[in-house]
Amino acid sequence: MATSAERLEKLQELQRRSYPIRAIVAIVVGIIGLVFAIGLSISFGAADISLGMVWQAVFNFSSELTEHQIIREIRLPRVLGAALVGSAFAVAGAIMQGMTRNPLADSGLLGLNAGAAFMLAVCFAFFPGLSYMYLIMWSFAGAGLGVVIVYGIGSLSKGGLTPMRLVLAGAAVSALLGALGEGIALHYRIGQDLAFWYAGGVSGTKWSHLQILSPWLLAAMIGALILSRSITLLSLGEEIAIGLGQRTGVIKIWGMIIVLILAGAAVSVVGAVGFVGLIVPHLTRYIVGHDYRWIISCSLVYGALLVVLADFIARNINPPYEAPIGALIAFIGVPFFLYLARKGGKEL
């Protein structure tokens, strides 16, 4: 058990490695960048629309104008959906990294995304016509299935759950669930329905989806912010957290529930997009330090910014066709993952 002196030393080290002023500046800059990216994403596309027209469509909507209808019914829900799922993936990754002290933790790498996508394949094959609310619930169940299998396999190894073992188990489980999902799609001829989720994209997002999705994600993000101080203490080590009066078991349970909600709901919209929860928390940690109150807050903003920009590029890289968001983010995520893995997956 850690002594009082060791606990004090850890807290002092944490304070030295936290930069609240940087964090506030980063959040403000990120919000400004996000607003600009949202305006840019709504403005440019198959039909270019001026930013002035975007402003009018949002605040002075006229159903008689075609441009207003395009903005209100197609582009606005799409870009807001991209921002929501980007925040969800980034916050989920930050929580997982803090709780497990695993720098390679991410909902995509640890099987949550693949589990959610697999369960969507099951729904399309065996329960066609399910409402979007039920699809979200099944996504939650699939995400839970993925993480249980990954942690179960990882815990069977000698030496316990090291970061690299978890990632290897996650890669194996993701491949298995992905193959099963594709097998179901081929057998029941639903490949076209599932192609959107496997490729990753927000083109099908509607206001009705956001109305169902938003309460879940907003509640989970508020829960993450409330839990952030406890995750900071847990990231110092379980013994340190217990010595500081934290109920680590309760923290882990609530943290995993929040992660399942964030990852499951996000996959139901955008598909099995990986690496957002790996890249964003690491970049924000480099800027703001090791206090998860700031890491989670910044991840919320910059995760949204990353996916909104990825969606903008996906729509404009080869118009009128769209590139999959998952592939674009993977161009950044794979080298970043290899860089972290080369460092040996050292604990945070």
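Predicted model, so just to flag it, every value in this text is computed and none were measured.

A. Broad picture of the overall build of the protein. Each helix and strand counted, the protein has 14 helices and zero strands in total. From first element to last, N terminus to C terminus, the protein shows the α and β order α-α-α-α-α-α-α-α-α-α-α-α-α-α. Taking all 348 residues of the protein together, the buried fraction comes to 52%. Once local pairs closer than 6 in sequence are excluded, the contacts in the protein between residues at least 24 apart make up 77%. Approximately 16200 Å² of the protein is accessible, and the part contributed by carbon and sulfur atoms is 67%.

B. Examining the nonpolar core more closely. Core analysis: the largest hydrophobic core is formed by 104 residues, its most contacted members being I95, L112, L262, V276 and I329. Element by element, the count of residues in this core is highest for helix α4 (residues 66-100), at 16 residues. Not counting residues within four places of it along the chain, the set of residues in contact with L262 comprises A88, V91, A92, L217, A220 and M221.

C. Summary view of the pattern of salt bridges. One pass over the full model with this rule turns up three salt bridges. For D291, the salt bridge identified is with R293, shortest N-O distance 2.7 Å. Residue classification places D291 among the buried residues on the basis of a relative accessible area of 6%. Between R315 and D311 there is a salt bridge, with the nearest N and O atoms lying 3.7 Å from each other. A residue pair is termed a helical-turn pair when its members lie 3 or 4 positions apart in one helix, as R315 and D311 do in helix α13 (residues 292-316) at four residues. Residues R315 and D311 agree in their burial class; the two are buried.

D. Spotlight on the packing of aromatic side chains. The final tally for this structure, using the stated rule, is five aromatic pairs. Aromatic side chains F44 and F312 sit 6.3 Å apart centroid to centroid with 80 degrees between the ring planes, which places their arrangement in the edge-to-face category. Placement of the pair is F44 in the loop between α2 (20-43) and α3 (51-59) and F312 in helix α13, with a sequence separation of 268 residues. An angle of 15 degrees between the planes, with centres 5.8 Å apart, marks the rings of F127 and W138 as stacked. Here F127, found in the loop between α5 (112-126) and α6 (132-155), pairs with W138, found in helix α6; they are 11 residues apart in sequence, far enough to count as distant.

E. Just α4, in detail. The terminal C-alpha atoms of α4 lie 50 Å apart, and with 35 residues this matches the ideal 51 Å at 1.5 Å per residue to within 8%. Taken as a whole, α4 carries its principal kink of about 40 degrees at R75; the proline P77 stands between one and four residues after it. With respect to burial, α4 is a largely interior element, 26 of its 35 residues being buried. Note on α4: the residue one or two positions beyond its end, R101, has a positive phi of about 55 degrees.

F. Focus on the confidence of the model for the protein. Within the protein, residue pLDDT values average 83, and 88% of them lie at 70 or more. Confidence, read as mean pLDDT per element, is least for helix α1 (residues 4-16) in the protein (61) and greatest for α13 (93).

G. View of the side chain of S87. Among the structural elements, S87 can be located in helix α4. Separated by 2.5 Å, the side chain of S87 and the backbone oxygen of L300 make a polar contact. With residues up to four places along the chain from it excluded, the contact list for S87 reads M221, L300, G303 and A304.

H. Representation of the environment of L234 in the model. Structurally, L234 can be placed in helix α9 (residues 207-235). On the accessibility criterion, L234 (2% relative accessible area) is buried. Expressed as a C-alpha distance, the spacing of L234 and K252, which sit 18 residues apart in the sequence, is 9.1 Å. Leave out the neighbours within four places in its chain, and L234 touches G98, M99, R101, A241, T248, I251 and K252.

I. Fine view of unusual backbone geometry. Positive phi, normally seen in glycine, also occurs at R101, with a value near 55 degrees. Examined against the element boundaries, R101 turns out to sit in the loop between α4 and α5. Its identity as a non-glycine residue notwithstanding, F275 has a phi of 80 degrees, on the positive side. Checked against the element boundaries, F275 lands in the loop between α11 (248-270) and α12 (276-288).

J. Layout of the packing of α4 against α11. Where α4 contacts α11, the axes come no closer than 9 Å and their chain directions differ by 150 degrees. When the axis of α4 is compared with that of α11, the two are roughly antiparallel. The two elements α4 and α11 cross, and the hand of that crossing is left-handed. On α11, the residues that touch V85, A88, F89, V91, A92, I95, M96 and M99 of α4 are I251, K252, G255, M256, I258, V259, L262, A263, A266, V267, V269 and V270. Broken down by class, the residue content of the contact of α4 with α11 amounts to 18 nonpolar, one polar and one charged.

Cut-offs used in this document
Residues numbered from 1 in each chain as written. Predicted model: local features only at pLDDT ≥ 70, side-chain atom pairs only at ≥ 80, totals over all residues. Heavy atoms only, no water. Helix = DSSP H or I, 4+ residues; strand = E, 2+ residues; numbered from the N terminus. Buried < 20%, exposed > 50% of the residue type's maximum accessible area, 1.4 Å probe, protein only. Contact = heavy atoms within 4.5 Å. Areas by Shrake-Rupley, 256 points an atom, 1.4 Å probe, with all protein chains shown as cover. Core = buried A, V, L, I, M, F, W, Y, C linked by side-chain atoms within 4.5 Å. Salt bridge = Lys/Arg side-chain N within 4 Å of Asp/Glu carboxyl O. Phe/Tyr/Trp six-rings, centres within 6.5 Å; stacked < 30°, edge-to-face > 60°. Expected span 1.5 Å × (residues − 1). Bend = angle between axes of the 7 residues up to and from the residue. pLDDT = per-residue confidence, 0-100. Polar contact = N/O pair within 3.5 Å; in protein donor to acceptor, adjacent residues only side chain to side chain. Axes fitted to C-alpha atoms, helices over the stretch in contact; angles between N-to-C directions. Parallel < 35°, antiparallel > 145°, perpendicular 65-115°, else oblique. Left-handed = near helix turned anticlockwise from the far one by under 90°. Nonpolar A, V, L, I, M, F, W, Y, C, P; charged D, E, K, R; others polar.

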